[in-house]
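Coordinates in review
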Amino acid sequence: MLQFRDITLDDREIFNKYKKNWNIENAEMSFEHLYMWGSHSFVQIAEAEGCLYIKMRYDGEPDMLLPPIPVDESVDYADAVKLGRDYFESKGEKVIYHSICEPFVDMFKKYCPDYELLEIPNSWDYVYDSTDLITLKGKKYHSKRNFINRLKQNHPDFVYRDITEDDYESCMELYNKWREEHNDKTIDQYDEKDSVEIALKNMNALNLKGGAIFIDGKMMAFTVGGRILDYMGHIHIEKALSGVDGLYPAINQLFAAENYKDTLFINREEDMGIPGLRKAKESYYPVKMIKKYRGVLKSRPVYETIMEKGSFSGCKKECIVK
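Read on for a plain summary of the structure. Given the structure is predicted, the values throughout are model-derived calculations rather than measurements. As a convention, each chain's residues are numbered from 1 in the sequence order in which they are written. Note on the predicted model: pLDDT of at least 70 is required for a residue's local features to be given, and 80 or more for side-chain atom pairs to be given and counted; whole-chain, interface and lining totals, by contrast, use all residues. Only hydrogens and water are set aside; all other atoms, that is, all heavy atoms of the structure, feed into the side-chain values.

1. Overview of the overall build of the chain
For clarity, the cut-off: For helices the rule is a DSSP run of H or I covering at least 4 residues; for strands it is a run of E covering at least 2, with both sets numbered from the N terminus onward. Note that the radius of gyration is over C-alpha atoms, with the globule rule given as 2.2 Å times the number of residues to the power 0.38. The buried label applies to any residue whose accessible area, calculated with a 1.4 Å probe on protein chains only, is under 20% of its type's maximum; exposed applies above 50%, and partly exposed to all values in between. The contact rule is simple, with two residues in contact once any of their heavy atoms fall within 4.5 Å. Using the Shrake-Rupley algorithm and a 1.4 Å probe, accessible areas are obtained, with residue cover drawn only from the displayed protein chains. Positive residues here are Lys and Arg, negative ones are Asp and Glu, while His and the chain termini are left out of the count. Where a charge lies is defined by one atom per residue type, namely NZ (Lys), CZ (Arg), CG (Asp) and CD (Glu).
Helix and strand counts for the chain stand at 12 helices and 16 strands. For 322 residues, the compact-globule estimate of 2.2 N^0.38 gives 20 Å, and the chain sits close to it at 20 Å. Residues counted as buried form 55% of the 322 residues belonging to the chain. Partitioning the intrachain contacts of the chain with sequence separation of at least 6 by distance along the chain shows that 72% fall at a separation of at least 24. Split by element, the accessible area of the chain, about 15000 Å² in all, is 46% carbon and sulfur. Between the centroid of the 45 positive side chains of the chain and the centroid of its 55 negative side chains there is a distance of 5 Å.

So, in structure tokens, the structure goes:
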């Protein structure tokens, strides 16, 4: 039986052990992301039979497992998935595997034919060409350049600089003001504030970098990012106050130029089904999406529920992967 425990900072090496043989571009499966969002036992891990198991629990949703990560190709993947199923069934819970991405999509299709894979497009990661976000060249980025130029014209003395853990208080003051301007249930459901605090307090331990824009000495925007792989940057947090044109395009471009010149891609995570966030992410023209799926047993009532109601983060009947 799987024995889960809370994720800790000391688990980075465990993640490296299991992930080193797989090219996992899914931001949701990065150690940094999971540690940031793991407060209140929302993320727990277990090791068994040559696999790393990651359990996620959020308010209003059933417990879910990410796809098991085998230490290498010698692991029987069908048995690994069955061990997770046994865990759910021993607790009388629905069997749900969440955020199944490549290479695990192919493994599920090959070794787990009793599972149906359903697209969850609200969770797909937006991935951009690093050079595009750094240079903003071309007609398609004309509006982004205009916004940045407007910021420079209206606030010619604005300053961009790196931030560290010492800037925690200023960042949280900005975040709290930003939170007052936004009302979306996902912010509270996933305890975003906790994750922001964890990231800012553990930037060194998590190998994260940060940047901020200051106007008249006051922080107006900040961002925090890391790397998923050597060739792929990862933006974890990006916040800016309203009322100043160009803050978001500027912090995006300046941070990318400072930290991702030696990468091919930048992963800016999912849009969570929020229309405004989706529009903003699409406006930067992603070069690809990291597709993710939810795996449910064909024979289980939860499958019928998803099919009938289109529930669980955007799973719909037409999204079945054959």
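Back to the text.
2. Looking at the side chain of Ser 39
Its location among the elements puts Ser 39 in the loop between α2 (31-36) and β2 (43-48). We classify Ser 39 as buried; its relative accessible area is 17%. Apart from residues no more than four positions distant in its own chain, Ser 39 is found in contact with Asp 194 and Ile 198.

3. Concerning the pattern of salt bridges
So the rule is basically this: Just to be clear on terms, a salt bridge is a Lys or Arg side-chain nitrogen sitting within 4 Å of an Asp or Glu carboxyl oxygen.
Following the criterion strictly, the structure yields 16 salt bridges and no others. A salt bridge links Lys 292 to Asp 125; the shortest N-O distance between them is 2.9 Å. With Lys 292 in the loop between β14 (288-290) and β15 (293-297) and Asp 125 in strand β8 (residues 125-129), this pair connects stretches of sequence that are 167 residues apart. Taken individually, Lys 292 and Asp 125 each receive the classification buried, so the pair is uniform in this respect. The residue Lys 239 makes a salt bridge to Glu 192 at a minimum N-O spacing of 3.1 Å. Here the residue Lys 239 occupies a position in strand β12 (residues 232-240), and Glu 192 occupies one in helix α9 (residues 192-201), the gap between them amounting to 47 residues. Each member of the pair, Lys 239 as well as Glu 192, carries the same accessibility label: buried.

By themselves, these are just geometric observations and shouldn't be taken as functional.
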